[in-house]
Amino acid sequence: MILQTGMRTDIPAFYAEWFINRIKEGYVMVRNPYKPSLVTKYIINPDVVDLIAFCTKNPAPMLEHMDVLKPFGQYWFVTITPYGKEIEPNVPDKRKVIQDLKRLSEAVGIDSIGWRYDPIFITEKYSIDFHLNAFESMAKELSGYTHTCIISFIDLYKKVITNFPLGRMVSKEERLTIGKAFADIGKKYGITIKACAEGDELKQYGIDCDGCLTQTVYETALHTKLNMPKKKGQRKECACFFGNDIGAYDTCRHFCRYCYANTNKDAVIRNAKLHNPNSPLLIGNIQPEDEIKTAEQESWVDLQLNF
């Protein structure tokens, strides 16, 4: 099975100690975000967890624990964008994150790491020319440490509109201009550009529009074939397989203005006070009224096929 950590929060950045404790304990518990009294227990053991997927803006806190993670297959997305503190208040200096991605790539291997440059939005400050210059500078620096860069354009979810009222949709003309330029830059530095849930409009420029966390991505990271169940992504435009997410909404302290996972800053601060690194739950503890179910888990590795 695939254990996903990064669709609801940034576990490596803010909850590395908790996650390492969960691996050492051998299990984790996750509240249903829509019915919190329902709790699912997942065993964390390489016999049943083929790969752990991470998505982070700051991998540094987890780098000292790579020995604990070593028995597991891994795939990491590290998001590095050119925005300032007025957009991403608590994201570390991007120059440091770039160096940490390099260290991570050396630890897990180039097939197990991808760079995310998203979401892309346009303002007077963050113009198309600004993005093209920033992207090329980063691509040059990251060349040889990842084969992949995922791009997507801002989606104006309700939470995003509330937290980032100045955000606007990127027009088709702007998307095509950026997509073509990014594709050319990617070719220059040996990085395949993939579009996340953007349809096929950028395929004409050589951008991969077939998904960013697909079975092929996992198999390449593991260097083996998987017998995975059929499962669609969270949105109709998405072809990815996310696995079972152990995170929780309203817990990410980067406080990015464009965030879709946080309702507001106050909710995150309240939840942070409830975090216990020794609890099986990311936030709070098990309560008497909780209904706990153990997930059905099995390895998907095809023992007859590998590469």
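Before reading on, note that the structure itself is shown above.
Given the structure is predicted, the values throughout are model-derived calculations rather than measurements. (Residues numbered from 1 in each chain as written. Predicted model: local features only at pLDDT ≥ 70, side-chain atom pairs only at ≥ 80, totals over all residues. Heavy atoms only, no water.)

Concerning the sheet that holds strand E6 (residues 113-120)
Spatially, E8-E7-E6-E5-E4-E1-E10 is the arrangement adopted by the 7 strands of the open sheet, whose pairing is parallel. Edge positions in the open sheet fall to strand E8 (192-195) and strand E10 (244-245), since each of these has one partner strand only. In the packing of helix H9 (residues 215-222) onto the sheet, contacts are made with strand E1 (2-4), strand E4 (51-56), strand E5 (73-79) and E8, and the angle to E5 comes to roughly 115 degrees. (Pairing = 2+ DSSP bridges. Helix = DSSP H or I, 4+ residues; strand = E, 2+ residues; numbered from the N terminus. Contact = heavy atoms within 4.5 Å. Axes fitted to C-alpha atoms, helices over the stretch in contact; angles between N-to-C directions.)

Focus: the pairing of strand E7 (residues 148-153)
Among the 6 residues in E7, 6 count as buried, and that is most of the element. What you see with E7 is no split at all: Thr148, Ile150 and Ser152 on one side and Cys149, Ile151 and Phe153 on the other are buried throughout. Across 4 bridges, the pairing between E6 and E7 is parallel. By the bridge assignment for E7, Ile120 is matched with Phe153. The parallel pair E6 and E7, bridged by helix H6 (residues 128-142), forms a crossover whose chirality is right-handed. In the sheet, E7 pairs with E8 via 4 bridges, with the strands oriented parallel. Bridge pairing links Cys149 to Ile193 in E8. (Buried < 20%, exposed > 50% of the residue type's maximum accessible area, 1.4 Å probe, protein only. Right-handed = clockwise from strand over helix to strand, strands pointing away.)

Considerations on the state of the cysteines
By definition, a disulfide is the covalent link that joins the sulfur atoms of two cysteine residues. What the rule picks out here adds up to 0 disulfides. Distance from the sulfur of Cys149, which forms no disulfide, to the nearest cysteine sulfur (Cys212) is 11 Å. (Disulfide = S-S within 2.5 Å.)

Quick notes on the layout of surface pockets
In this structure, the largest pocket spans a volume of roughly 980 Å³. Counting residues per element, the ones that place at least two in the lining of the largest pocket are E4, E5, E6, E7 and helix H7 (158-163). Of the residues forming the lining of the largest pocket, the biggest block, 4 residues, is contributed by E4. Taken together, the residues of the lining of the largest pocket sort by class into 24 nonpolar, 8 polar and 8 charged. (1 Å grid on protein atoms, 1.4 Å probe; cavity = no way out; pocket = protein on both sides within 12 Å on 5 of 7 lines; lining within 4 Å. Points joined across faces, edges and corners; volume = space filled by probe spheres on them. Nonpolar A, V, L, I, M, F, W, Y, C, P; charged D, E, K, R; others polar.)

Notes on unusual backbone geometry
Outside of glycine, negative phi angles account for most residues, and trans bonds account for most peptide bonds. The linkage connecting Asp118 with the following residue, Pro119, adopts the cis geometry, with an omega of 0 degrees. Relative to the assigned elements, Pro119 resides in strand E6. Residue Ala197 is not a glycine yet carries a positive backbone phi of 55 degrees. Relative to the helices and strands, Ala197 is located in the loop between E8 and H9. Look at Ala197 and you get buried, because its relative accessible area is 18%. A positive phi angle is found at Phe255, which is not glycine, with a value near 55 degrees. Along the chain, Phe255 turns up in the loop between E10 and helix H10 (265-274). Looking at Phe255, the relative accessible area reads 18%, which means it is buried.

Structural notes on the pairing of E6
Counting buried residues in E6 gives 8 out of 8 residues, a clear majority hidden from the surface. Where E5 meets E6, 4 bridges bridge the pair, whose relative direction is parallel. Looking at E6, one finds that Phe77 is bridged to Gly114.

Digging into the nonpolar core
Inside soluble globular proteins, nonpolar side chains tend to come together where they are buried. In terms of nonpolar packing, the biggest core is built from 97 residues, with Phe19, Trp115 and Tyr117 touching the most fellow members. Sorting elements by how many residues they give to this core places helix H8 (residues 172-189) first, with 7 residues. Sequence-distant contacts of Phe19, defined by excluding residues within four places in its chain, comprise Thr5, Ile11, Ile52, Phe54, Met62, Leu69 and Ile246. (Core = buried A, V, L, I, M, F, W, Y, C linked by side-chain atoms within 4.5 Å.)

A word on H10
For H10, the full list of buried residues reads Ala267, Val268 and Asn271. Taken end-on, H10 shows its buried residues confined to a sector of 100 degrees, consistent with a single buried face. In H10, the exposed residues that point more than 90 degrees away from the buried face are Lys265, Asp266, Arg270 and Lys273. For H10, the N-terminal capping position is held by Asn264, with its side-chain oxygen 3.2 Å away from the main-chain nitrogen of Asp266. (Arc of directions from axis to C-beta. Polar contact = N/O pair within 3.5 Å; in protein donor to acceptor, adjacent residues only side chain to side chain.)

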